[in-house]
Amino acid sequence: MRQDRIFTVYTPVILSALLMLGILCSSKARADWNASTFGEKIAGTYLLTEEDHGGSRIVTITADGNWFGIHSSQLDNKFSNQQGVWKKAGEREITVSALNFSSLKDGIGSSLFSFTVNFDKAYQQVEGELSGKLFPPGVDPLDPVAVPIRTFSNTFTGKRLTATEKESRF
């Protein structure tokens, strides 16, 4: 009899604890899954057009947090492609930190960019802001007290590049 009483008291307690543990673990897994699906939703290549005749950028966003960009005036102004990282900042928003190199009179400098990118509900259109700092040769652009020789900012709009299905004529 005593064994039956222990069984009827402790079994529900143990099952409840296991159920609660299972719920907590699945919520964490679901949160991680949601974060990874956000990256998958925004991953792609986008054409960004800057306001104020600032030119255009082609950027590629990867699902795992990387950002690669080129700018329409980089050959004339002698600077490299941009590479950086993004993180989720809102429901449909990311912030980006990116770097590039610039050819200056006295050597190779670097620029540090910050982007804020907002996606539409379908993740096909974007808008946002960018700001940047140009540093002289030998200055670490990641040093928070480094003094830039120039700063810049702009806004942009853009759209996602999509593959189209057409018959091949080859």
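Preceding this section is the structure that the text describes.
I will try to describe carefully the structure that is included in this document. (Residues numbered from 1 in each chain as written. Predicted model: local features only at pLDDT ≥ 70, side-chain atom pairs only at ≥ 80, totals over all residues. Heavy atoms only, no water.)

## A closer look at the side chain of Arg57
Formally: Helix and strand definitions follow DSSP, with helices as H or I runs of at least four residues and strands as E runs of at least two, each counted in order from the N terminus. For every residue, the accessible area (1.4 Å probe, protein chains only) is compared with the maximum for its type, and the residue is labelled buried under 20%, exposed over 50%, or partly exposed between those bounds. Each polar contact in these results corresponds to two N or O atoms within 3.5 Å; when the atoms are within protein, one needs to be able to donate a hydrogen and the other to accept it, and residues that are neighboring in sequence are counted only if both atoms are side-chain atoms. Residue contacts follow a heavy-atom distance rule, with two residues in contact if any of their heavy atoms lie within 4.5 Å.
Note that Arg57 resides in strand E2 (residues 56-61). Using a relative accessible area of 5% as the deciding quantity, one classes Arg57 as buried. At a separation of 2.6 Å, a polar atom in the side chain of Arg57 contacts the side chain of Glu50. If we ignore the near neighbours within four places in the chain, the residues touching Arg57 are Tyr46, Leu47, Leu48, Glu50, Ile70, His71, Gln82, Phe113, Phe115 and Leu130.

## Overview of unusual backbone geometry
What you tend to see is this: most non-glycine residues have negative phi, and most peptide bonds are trans. The residue Lys78 is not glycine, and still its phi comes out positive at about 55 degrees. The backbone of Tyr123 shows a phi angle near 60 degrees, a positive value even though the residue is not glycine. Topologically, Tyr123 is positioned in the loop between strand E6 (107-119) and strand E7 (125-135). Look at Tyr123 and you get buried, because its relative accessible area is 12%.

What is shown is where atoms sit, not what they do.
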